[in-house]
Structures are given as structure tokens and as C-alpha cells.
Amino acid sequence: MLSVLRVHLPSDIPIVGCELTPYVLLCRPDKTVTTDDVPETAPLDGHFLRYKWYRVQSDKKVAVCSVHPSEQATLQCLGCVKARIPVAKSYHCTSKCFSDAWQHHRVLHDRAASAVNENGNEEEELFGRFNNSGSGSINTSLSASASSASLTNGSAPVYPATVSRSGGETWFEVGRSKTYTPTADDIGHVLKFECVVVDAETKLTVGHGNTILTSRVIPAPSPIPRRLIPVDGMGHLDADGRITSSGTFTVLSYNILSDACASNDLYNYCPSWALSWPYRRQNLLREIVGYRADIICLQEVQSDHYEEFFAPELDKHGYYGLYKRKTNEVYNGNINTIDGCATFFRRDRFSHVKKYEVEFNKAAQSLTDAMIPTTQKKTALNRLVKDNVALIVVLEAKVNNQPVDNPGKRQLLCVANTHVNVYHDLKDVKLWQVHTLLKGLEKIAASADIPMLVCGDFNSVPGSAPHALLAMGKVDPSHPDLAVDPLNILRPHSKLVHQLPLVSAYSSFARTVGLGFEQHKRRLDSTTNEPFFTNVTRDFIGSLDYIFYTADSLVVESLLELLDEESLRKDTALPSPEWSSDHIALLAEFRCCKNRSRR
């Protein structure tokens, strides 16, 4: 007979908005063991599995700590309440917890006060506005009152909520499917999962049910909102809070940290529940969608996550996606977990014209065939072949969104998205990959007068040879990075040039004037005009990610504000419960311009 051998939950802590999927191990009538589901619609040997989820609510009101969400709160910051900061952020478990978090907590007070002084009301900010409407971001249901609304977790739309009551506790049935997604009503409460074997004919349970209790449900942590900052005074805020002007569009670049790389050993400072993919994928999606970019360039997107999660989820929000998986000459793991570059664009703003795929492995093979002696080919390929790729997409702006100063003109845009070799000691390979990409983009530019964006994780700090090539169009022959060239692939150094008028978008902050921009300038390295960091781990902090644009055809109108290190590192480093990647997202708004002079 069908029997349940084991039931457990992969995640220690249930989080609002993150689906819970129990692991159920079954023994079939033939004594084989499986994890396959046995639904009522397809019984096995006259039996099927029935699932139920319950919420246990006590008569005592429950609030959870905003810093340590697995702990019950014992005090509340009244300043947050007065400032109308989301109430979930006002709770702390101990006085020491509140004291330790004050430096970060004070930022919320200062920002709320500043918004009131400037605008007369609280400013709704990009991402903050989206996040505040997301389930669990504002905790408005910490009491014991239960909702009697129809439930979406399960196949049955409506059923009696109250199951039993004893010892000051009430059990509410909240779901009838194997999976369950905690809601805001569950915050602070324990959930119970029940799995029983049912006779298909009599509908009676057989044997004892298997149950498991979760820890208390916590709200999804919400990071500090990031605003879109105008940098040239030409944009304006519309009624929806977005920066707009005729013919503008926004571009997001973000390395989201693939699940295969998010190991507990590497990021042991991040709570395991916050490092789990079921949590991170929802938090990343909430962040990405919240930016409402017209074009999204993501790196480290696993192929299975692209197909099963990001493509269908972003499709719901109006995006069309294109993907290029890394090659697998070096990779020897599960092919479905190889990551790559994904580029999405709003279907109502752009249409897809052409796609180019750059495989640096193929370029390496061509290079060795042409330049490297036969006896050294294997050594050369071992150094050059790293599976990295780039995805280049040509888009066309929809007619009704074209700039008003170019009526009837077809507006094309070329967007390159890449993740360059990661190894620090392979400086020659890193520079060679960037140079190879730029040469490919030059060919596209030669065939069409087209604005270009070059986005991605270049694994190169400001001032490095790859950054110099991108930003300056050349590399100084005396640059120290050029000393690492065992294969002589960078010689002559005079070939390390390109003619694309590329400028880093975030350097625009350095060119702005006015007191309001001083705080943003302080987050830039004055020698390179790049952000101090886009990547923050326990062992490294620095800039690796960039959005470059052709300055003869595009103008930066606004930028997503940079994070300050003090508030970002309150959790030691990234990823953290608030931010689900070890990189931070970059976003820029551009406007097409008519000046077409070449550098």
C-alpha cells in the first residue's frame, strides 16, 4: 500500500511571498521509493495523497523584529510610526538590537523627514513604492484576527477557516495543495503542513497523517529604496513618480548571482534562508520589476532559471526575453545550471530586430589557429577558453515612442550584455575578451549609424586595462596590466583601440553641479568618476559592473542613486536578506540626441 516515509521543508524559515515546497518521500505498493506526487486525479493502487496547510494563531498579538526576523519583537520605535515609515521596520527584539541598528535605522528617519520638508508629503520612491505594496513589506496584520476571504493557496476557492481551538490557540486551514505561499496574514505565526494517504473509493484517510511545523512566518525584508536622480535637469517627474521626457528609455544592468555560485561556504555571513533560491528568486524579481526599466540586462542567469522562472515571470510584466547561455568546454556540472546573459525589453516600447551571440571560446580557437604555434596550442586554449559569452541585441523603438524631433525616422538601438572572465590573474584574457567584444560592436556600428549600450559585469575595476579600453578607447602601453601576456595576444599594444565614443553612464554624476548632487558625488571615486563599489562581499569591495553608452547619440538624463557603504554593510556584506545578490543593480535613463560627431 502507498505510504509516506518522510516529510520535511528545505527552508528553515517561511517568508511572505516565497513558496514553500515540502519534500515528501513515498513508498509505492511495489516497495520502490519515490518523490513523485500522487494526486486524486491519478491514484496509485486505489490511494492518493491529500495535503493541507494550517495557520496557528494565538490570542496573543505577535510582532517580529525588523533586524532579526526570526525573533519576536519586544519594543517599537515610535519615531518610525510618526514618520509613517512601514510599521514592520519599527520593531526590534531587544534594546541592544535597536542600539546596534540605529546608524542604519536613522537613515530611514532622515529620509522621511527630508521627503516631508521638500515635498510636503512622503516621497514615493522607485523600488520603495513597489516594495511597499509587496506582500509583507508593510506589516498591517500582526494581530490575531484572521481573514475569511477566499484563499488562493490550493484548488478549493472557499472553505471554513476555523478548524479547532484549544489552549488559547486557533488553527485555520489556509491551503489544500502541496505547496503554499505565506501571506501577510501569516506573519508571526507558525504554519502546519499535513500529508495523509486517502482511499480513493471511500475518501477516508488510511494510517496516520504526517505533519510538520514551520517556525514563525517572517515578512520579506525590504531594502532602502533607491531613487532615480536627474543629472542634467532636462527630465521631470510625472504623476507616477517616474523621470520622463520625450524619447527617453531606461536600462538596467544587474549580476543576480547564480544559485550554483551562492554557496553557504562562500557567503556564510548570509542567513541560509536568505541565501536559498526560493527566497532569492522572489526577492530579485520584486527588485527587478520594481525598477520598471525598459531594457533589462541580467548576468549569471542559470539556463533552467531563465526558462522556468525569469522568462515566464517577466513576460507577465510585459517583457520579451532573449538569452545566451555560456559555453561548456570548461564547465563539467549539470548543463541546466550553466549561467548566461539574459536581455529583456518591454514589448510596448521596443521590437526585436536582430540578435548576435559572441562565444569567446570560438574567438579563442580562431586566435590560436592564426597566431599560436602548434606545439603551444593546447596551453594557449587552456588559458583562453573560459566559456564566457556576450549577447548583442538590436532593438527598434515603437513608432509612438520615437523622439519628436525625428518624426518618421526608424530608431534603432544596439544593446550588448556580457559577463567577462572572472579570474584575477588572467588579466590578458580579460582584456582580450573586452577587446574582442568591442571589435564586434565596431563592425555593427560600421554597418548602421546606431546608438549603442554596453552593459555587464566586466570583472574589472576602474583604472584597469579593460576599463581604460572601454572608457578611453585605448590602453596606455605602459599600463601595468599589459605586463601579463604570456601568449603575446595583446601585441602590438597599438591594436588595443576602438573608435566607439563610449562613456560610462555613472560618470555623469561627476559632471553635475549643485548642492543636491554632493552626496552622490561622494559615492564616486574622484580619480575615475566611477562608483566606489558595485560588488560587496566579505573579501572584496569595488566596482566591476558598468553601463557604457555612445555619447554622440545618447544623453544620460537620470541615474539610479548609489548606495552608501555604511547602510549597505550593516549586514556585513552582500548578499543579505534585503539584497539578494553580491552585486548592486545599475540603472540609467537615456535620451537620443541629434549630435552624431565621432570621437
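Cut-offs applied
Residues numbered from 1 in each chain as written. Predicted model: local features only at pLDDT ≥ 70, side-chain atom pairs only at ≥ 80, totals over all residues. Heavy atoms only, no water. Helix = DSSP H or I, 4+ residues; strand = E, 2+ residues; numbered from the N terminus. Buried < 20%, exposed > 50% of the residue type's maximum accessible area, 1.4 Å probe, protein only. Contact = heavy atoms within 4.5 Å. Areas by Shrake-Rupley, 256 points an atom, 1.4 Å probe, with all protein chains shown as cover. Pairing = 2+ DSSP bridges. Axes fitted to C-alpha atoms, helices over the stretch in contact; angles between N-to-C directions. Core = buried A, V, L, I, M, F, W, Y, C linked by side-chain atoms within 4.5 Å. pLDDT = per-residue confidence, 0-100. Parallel < 35°, antiparallel > 145°, perpendicular 65-115°, else oblique. Left-handed = near helix turned anticlockwise from the far one by under 90°. Polar contact = N/O pair within 3.5 Å; in protein donor to acceptor, adjacent residues only side chain to side chain.

(A) Layout of the overall build of the protein chain. Secondary structure assignment for the protein chain yields 14 helices and 29 strands. With 599 residues in all, the protein chain has 54% of them scored as buried. Sequence-distant contacts in the protein chain: of pairs separated by 6 or more residues, those separated by 24 or more amount to 74%. Total accessible area on the protein chain stands at roughly 26000 Å², and carbon and sulfur atoms take up 52% of it.

(B) Summary view of the sheet that holds strand S17 (residues 339–346). Here we have seven strands laid out as an open sheet, ordered S11-S28-S29-S14-S15-S17-S16, and mixed in their pairing. Because the sheet does not close on itself, it has two edges, and the strands there are strand S11 (228–230) and strand S16 (319–325). Averaged over all adjacent pairs, the angle separating strand axes in this sheet is 25 degrees, with direction ignored. One ladder, built from five bridges, connects strand S14 (residues 248–255) with strand S15 (residues 295–302); its direction is parallel. The partner of Asn255 across the bridge, within S15, is Gln299. Against the sheet, helix H6 (residues 277–291) touches S14, S15, strand S28 (554–560) and strand S29 (586–592), its axis set at about 160 degrees to S14.

(C) Spatial organisation of the nonpolar core. Within the largest apolar cluster, 80 residues are counted, with the highest numbers of intra-cluster contacts made by Phe249, Ile288, Ile295, Leu298, Phe344, Leu453 and Phe590. Looking at which element gives the most residues to this core, the answer is H6, with seven residues. If near-sequence neighbours (up to four positions away) are discounted, Ile288 is found in contact with Leu252, Tyr254, Ile256, Ile296, Leu298, Phe310 and Leu314. Of all hydrophobic cores here, the second largest spans 42 residues; its members include Phe360, Phe458, Ala465 and Leu487.

(D) Region of the structure containing the confidence of the model for the protein chain. Here the protein chain averages 84 in pLDDT, and 83% of its residues register 70 or above. Of the regions scoring below 50 in pLDDT, residues 118–151 engages in 79 contacts with residues more than four places distant in sequence or in other chains. The low-confidence segment residues 155–162 (pLDDT under 50) makes 18 contacts with residues lying over four places distant or belonging to another chain.

(E) Unusual backbone geometry, seen in detail. In this chain, Arg491 is followed by Pro492 through a cis amide linkage whose omega measures -5 degrees. Inspection of the secondary structure puts Pro492 in the loop between helix H11 (465–472) and strand S22 (502–504). With omega at 0 degrees, the peptide bond leading from Leu574 into Pro575 counts as cis. Note on placement: Pro575 falls in the loop between helix H14 (565–568) and S29. Non-glycine residue Asp45 carries a positive phi angle of around 55 degrees. On the secondary structure map, Asp45 appears in the loop between strand S3 (33–34) and strand S4 (47–58). The backbone of Glu300 shows a phi angle near 60 degrees, a positive value even though the residue is not glycine. Position of Glu300 among the secondary structure elements: in strand S15. Taking the relative accessible area as the measure of exposure, Glu300 reaches 11% and is therefore buried.

(F) Examining the packing of helix H8 (residues 360–371) against helix H9 (residues 377–384) more closely. Interhelical geometry of H8 versus H9 gives an angle of 150 degrees and a closest axis separation of 10 Å. Considered as vectors, H8 and H9 are oriented roughly antiparallel to each other. Taken as a pair, H8 and H9 cross one another with a handedness that is right-handed. Residue-level contacts link Ala364, Gln365, Leu367, Thr368 and Asp369 of H8 to Lys377, Ala380, Leu381 and Leu384 of H9.

(G) Spotlight on the sheet that holds S3. The three strands lie next to each other as S1-S2-S3, forming an open sheet whose pairing is antiparallel. Of all strands in the sheet, those with a lone pairing partner are strand S1 (3–8) and S3, marking the two edges. Both strand S2 (residues 23–27) and S3 contribute to a ladder of two bridges, which runs antiparallel. Each residue of the ladder has a partner; that of Leu26, found in S3, is Thr34.

(H) Representation of the environment of Thr327 in the model. Position of Thr327 among the secondary structure elements: in the loop between S16 and S17. Along the sequence, Thr327 and Val389 sit 62 residues apart, while their C-alpha atoms lie 7.4 Å from each other. Ignoring sequence-local partners within four residues, the contact set of Thr327 consists of Ile338, Glu359, Asn361, Asp387 and Val389. Reaching out from Thr327, the side chain makes a polar contact with the side chain of Asn361 at a distance of 3.0 Å.

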